[in-house]
Amino acid sequence: MGNDEICSRFNKVLWHDSKLCSFAVVREGDRDDIVFNLELRGMPGLELTPAILTLIDATYLKAEVDLDGKHQCADDISSAHCHARSALRDELLRSQFQHSPTALDGYYHFNLYLIPPGGRIDVFARNFELNGK
């Protein structure tokens, strides 16, 4: 699967007003996955459906989450995106990974923005799966 297909599939999901219930780092053999328990806004009628988003083979996680703000805003997600290139990727390659210029090759930048002041979660992972519970 190429850059365009992975990001396109992720970016087509109706993230706005879906809910982030919880997230965890889960070790699967020699890889780390980031697992999100969601209530996903869907069609028709925009009802919420339980779902699990797994960011597969993650290499970097940055989370700035105001748990009280998340709670006050009913756990709502404002938006989520996947990018093959991003400003955060460039920043990490200039700073944290300056001696490993290929450290993020093959990884996509997935980000979830919560309704303010909930915060945001940024993950670099190789792929994703989205499954209903």
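Just above, that's the structure.
Residues numbered from 1 in each chain as written. Predicted model: local features only at pLDDT ≥ 70, side-chain atom pairs only at ≥ 80, totals over all residues. Heavy atoms only, no water.

Peer 1: Can you help me understand the environment of Ser78 in this one?
Peer 2: By the secondary structure assignment, Ser78 is in strand 4 (residues 77-83). A residue is classified by how much of its surface remains accessible, and Ser78, at 25% relative accessible area, is partly exposed. Beyond its immediate stretch of four places on either side in the chain, Ser78 contacts His16, Tyr113, Leu114 and Ile115. (Helix = DSSP H or I, 4+ residues; strand = E, 2+ residues; numbered from the N terminus. Buried < 20%, exposed > 50% of the residue type's maximum accessible area, 1.4 Å probe, protein only. Contact = heavy atoms within 4.5 Å.)

Peer 1: Help me out: how do you make sense of the state of the cysteines in this one?
Peer 2: Linking two cysteines covalently through their sulfur atoms gives a disulfide. Evaluation of the coordinates by the stated rule reveals 1 disulfide. Disulfide pairing is shown between Cys7 and Cys82; the S-S distance is 2.5 Å. One quick way to see it: the torsion about the S-S bond of Cys7 and Cys82 is about -45°, and its sign makes the bridge left-handed. Of this pair, Cys7 sits in helix 1 (residues 3-11) while Cys82 sits in strand 4; the two residues are 75 residues apart in sequence, bridging distant segments of the chain. The residues Cys7 and Cys82 share a single accessibility class, namely buried. (Disulfide = S-S within 2.5 Å.)

Peer 1: Where do I start with the sheet that holds strand 6 (residues 119-132) in this structure?
Peer 2: By definition, the strands of a sheet pair up through backbone hydrogen bonds, in either a parallel or an antiparallel sense. Spatially, 6 strands are ordered 1-2-3-6-5-4 in an open sheet, and the strand pairing comes out antiparallel. Of all strands in the sheet, those with a lone pairing partner are strand 1 (19-28) and strand 4, marking the two edges. Ignoring strand direction, the axes of neighbouring strands in this sheet form an average angle of 35°. Contacts from helix 3 (residues 87-94) reach strand 3 (48-65), strand 5 (108-114) and strand 6, with the element oriented near 115° to strand 6. (Pairing = 2+ DSSP bridges. Axes fitted to C-alpha atoms, helices over the stretch in contact; angles between N-to-C directions.)

Peer 1: Is there a simple way to explain the packing of aromatic side chains in this structure?
Peer 2: For any pair of aromatic rings, the description consists of the separation of the ring centres together with the inter-plane angle of the planes. Under the criterion given, the structure shown has 7 aromatic pairs. Between Phe10 and Phe128 the ring centres are 5.2 Å apart and the planes differ by 85°, which places this aromatic pair in the edge-to-face class. Of this pair, Phe10 sits in helix 1 while Phe128 sits in strand 6, and the two are 118 residues apart along the sequence. Accessibility assignment for this pair places Phe10 and Phe128 in one class, buried. Plain terms: the ring middles of Tyr60 and Phe124 are 6.1 Å apart, the flat faces sit at 65° to each other, and that makes the pair edge-to-face. Placement of the pair is Tyr60 in strand 3 and Phe124 in strand 6, with a sequence separation of 64 residues. The pair Tyr60 / Phe124 is uniform in exposure class, with both members buried. Of the aromatic side chains, those joined through ring pairs into one cluster are Phe10, Trp15, Phe110 and Phe128. Over the ring of Tyr107 we find Arg126, and its NZ or CZ is 4.1 Å from the ring centre. (Phe/Tyr/Trp six-rings, centres within 6.5 Å; stacked < 30°, edge-to-face > 60°. Lys NZ or Arg CZ within 6 Å of the ring centre and 35° of its normal.)

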